[in-house]
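# Structure assessment
Below are the chains, spelled out letter by letter.
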Amino acid sequence: MTEKTFVEEIEKALEKSKGLNLKELLFCYQGTFYPTTVCSAETFQALENFEARKDDLVLVSYPKCGINWLIQIVNDLIVTTLQTKNENAELPFIECGDPEKFQRMKQFPSPRIVATHLNYNHLPKSIIKNKVKMLVLFRNPKDTAASFFHFHNNAPSVPSYNSWEEFFSEFMNGNVAWGSYFDHAVAWNKHIDEENVLLLTYEDLKEDLLAGVKQIAEFFGFAPTAEQSQSIVDRASFQMVRERSKETHGAAGPLLFRKGVVGDWKNLFSETQNQKMDVKFKECLAGTKLEAKLKYDVYCKA
Ligand code: A3P
C-alpha cells in the first residue's frame with residue numbers, strides 16, 4: 001500500500017468532518033446511515049457494478065471490530081509470502097471514496113484486499129455470485145460500542161456525542177454509521193457455514209494471535225513458514241501497530257489503535273445499559289452459532 005496516499009485519504013476525510021455536527025455527518029442510503037465524509041450515494045451506485053475477482057481477499061466487519069488490525073495482518077501475509085508490495089493506494093474500504101475508484105481498482109494486481117463495513121445484505125452482488133472468500137471479523141457488542149463511542153469523541157474533527165448515554169441509545173437503535181450491529185450479526189449468522197466464509201472474533205485473535213494468523217493464511221491459501229507466521233504475529237501486536245500507526249494511518253492512527261483490550265466496556269456501561277444489551281443480544285442471537293462464537297457469557301457479563 002502506498003502509505004502516503006492512503007494517509008492523505010484518511011486525513012482528507014478527517015478534514016472534511018471539521019465543523020460538522022452529528023446530523024450533518026450522517027446521511028441515509030437505502031435505510032442505513034453512513035458518514036458523508038467518506039461515503040456518497042454516487043459511490044454506492046457505482047459499487048453495484050463492482051466486479052469482484054475470484055481471488056480478492058474480502059475482509060468484512062462492523063465498525064470498531066478490529067478491521068484495521070486484520071488489514072495489516074492480511075497485507076503482511078501478502079508481502080511476506082508473495083514478496084510483492086501491495087501498491088494499492090485506495091482506501092481499502094470499497095464503499096469509501098469517489099465513484100471512479102472501481103475503474104482504478106481494475107488495474108490493481110491480484111490479490112486485492114477488499115475491505116468493507118457493509119451489512120451482508122448490502123454487499124456488491126459479484127462478491128456473492130463469484131463466491132469470493134470472505135473473512136468476517138466480529139467483536140463482542142459491548143466493546144464494539146465502547147470503541148465506537150471513543151472514536152467519535154476522541155477524534156478532534158469527528159463530531160462528538162454529548163454523552164455516552166446518548167451514543168448508547170443511538171447504537172442500540174442502529175442510528176449510527178453503517179447501521180445496527182445487531183442487524184449485521186443476524187444477517188451474518190445466516191451465512192456463517194458457507195464454504196467461502198470464515199468468521200473470526202476479535203477476542204479469539206487477542207487470545208491466540210498465532211492460531212488466528214494460521215487460520216487466516218490457510219483460508220486464503222497462503223503458506224507462511226512457522227518463522228514467517230511468528231514474525232507476522234510479532235508485527236501485529238497492539239504495541240507494534242500502535243507505534244507504527246502515525247506512519248501507517250497518519251493523525252488518525254492513535255485513534256484507530258486506541259487501547260486494544262477486551263472488557264473496556266466495563267468502564268462505561270451502567271447496570272441498566274448492561275441489561276438492555278443482554279436482552280437485545282438474546283432477542284437477536286439466542287441459540288445461534290454466532291452467539292456461541294462470540295462467547296457472550298464470557299466477555300459480556302459484568
Ligand atoms: P479500542 O478502541 O477498543 O482500542 P477498527 O479497526 O475496526 O476501527 O477497530 C478498532 C479497534 O481495534 C480499536 O479498539 C483498536 O485498538 C483495536 N485494535 C487495532 N489493532 C489491534 C491490535 N493489534 N490488537 C488489539 N486490538 C487492536
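The structure reproduced in this document is the subject of the present report. Keep in mind that what you see is a predicted model, and the values were worked out from it rather than measured.

## Side note on the site of the ligand
Taken together, 19 residues sit near the ligand, with S147, Y202, R258, K259 and G260 positioned nearest. Contacts to the ligand include N68, whose side-chain N or O atom sits 2.8 Å from an oxygen atom. Contacts to the ligand include K259, whose backbone N or O atom sits 2.6 Å from an oxygen atom. In this structure the site holding the ligand corresponds to the largest pocket.

## Observations concerning helix α7 (residues 141-154)
Owing to its 3.6 residues per turn, the α-helix aligns residues three or four sequence positions apart on the same side. Its 14 residues give α7 an end-to-end C-alpha distance of 20 Å, which sits within 8% of 20 Å, the value for a rise of 1.5 Å per residue. Taking burial as the measure, the 14 residues of α7 include 12 buried ones, the bulk of the element. Looking only at α7, the buried set comprises P141, K142, D143, T144, A145, A146, S147, F148, F149, H150, F151 and H152. Contact partners of the buried residues in α7: α2 (22-25), α8 (164-173), α9 (181-189), α14 (253-256), α15 (271-285) and α17 (296-299). The N-terminus of α7 is capped by N140, whose side-chain oxygen sits 3.0 Å from the backbone nitrogen of K142.

## Some remarks on the pattern of salt bridges
Counting across every chain of the model gives 12 salt bridges. Close ionic contact of R258 with D264 constitutes a salt bridge, the shortest N to O distance being 2.8 Å. Since its relative accessible area comes to 24%, R258 is described here as partly exposed. Residue classification places D264 among the buried positions, given a relative accessible area of 6%. A salt bridge links E291 to K282; its shortest N-O distance comes to 2.8 Å. E291 gets classed as buried once you look at its relative accessible area, which sits at 16%. Since its relative accessible area comes to 34%, K282 is described here as partly exposed. One network of salt bridges, with partners in common, ties together R258, K259 and D264.

## Some words on unusual backbone geometry
At the junction of S110 and P111, the peptide bond is cis and its omega measures out at -5° in the coordinates. Relative to the helices and strands, P111 is located in the loop between α5 (101-105) and β4 (113-116). The phi angle at Q83 is positive, at roughly 50°, despite the residue not being glycine. In this fold, Q83 is placed in the loop between α4 (67-82) and α5. Take Q83: its relative accessible area is 66%, and that puts it in the exposed class.

## Observations concerning the packing of aromatic side chains
Inspection of the entire model under this criterion finds 26 aromatic pairs. A ring pair is formed by Y29 and F44, whose centres lie 4.6 Å apart and whose planes are at 10°; its orientation type is stacked. Highlighted residues: Y29 in strand β1 (residues 26-29) and F44 in helix α3 (residues 41-47), separated in sequence by 15 residues. The pair Y29 / F44 is uniform in exposure class, with both members buried.

## A look at the sheet that holds strand β5 (residues 134-138)
One open sheet accounts for 4 strands, arranged β4-β3-β5-β6; its pairing is parallel. At either margin of the open sheet sits one strand with a lone partner, and together these are β4 and β6 (197-201). In this sheet, neighbouring strand axes are inclined to one another by 20° on average, regardless of whether the strands run parallel or antiparallel. Inspection of the sheet shows strand β3 (residues 57-61) paired to β5 by 4 bridges, in the parallel sense. The residue bridging V60 from the neighbouring strand is V136, located in β5.

Thresholds applied
Residues numbered from 1 in each chain as written. Predicted model: local features only at pLDDT ≥ 70, side-chain atom pairs only at ≥ 80, totals over all residues. Heavy atoms only, no water. Near = heavy atom within 4 Å. Polar contact = N/O pair within 3.5 Å; in protein donor to acceptor, adjacent residues only side chain to side chain. 1 Å grid on protein atoms, 1.4 Å probe; cavity = no way out; pocket = protein on both sides within 12 Å on 5 of 7 lines; lining within 4 Å. Sits in = over half its atoms within 2 Å of the grid points. Helix = DSSP H or I, 4+ residues; strand = E, 2+ residues; numbered from the N terminus. Expected span 1.5 Å × (residues − 1). Buried < 20%, exposed > 50% of the residue type's maximum accessible area, 1.4 Å probe, protein only. Contact = heavy atoms within 4.5 Å. Salt bridge = Lys/Arg side-chain N within 4 Å of Asp/Glu carboxyl O. Phe/Tyr/Trp six-rings, centres within 6.5 Å; stacked < 30°, edge-to-face > 60°. Pairing = 2+ DSSP bridges. Axes fitted to C-alpha atoms, helices over the stretch in contact; angles between N-to-C directions.

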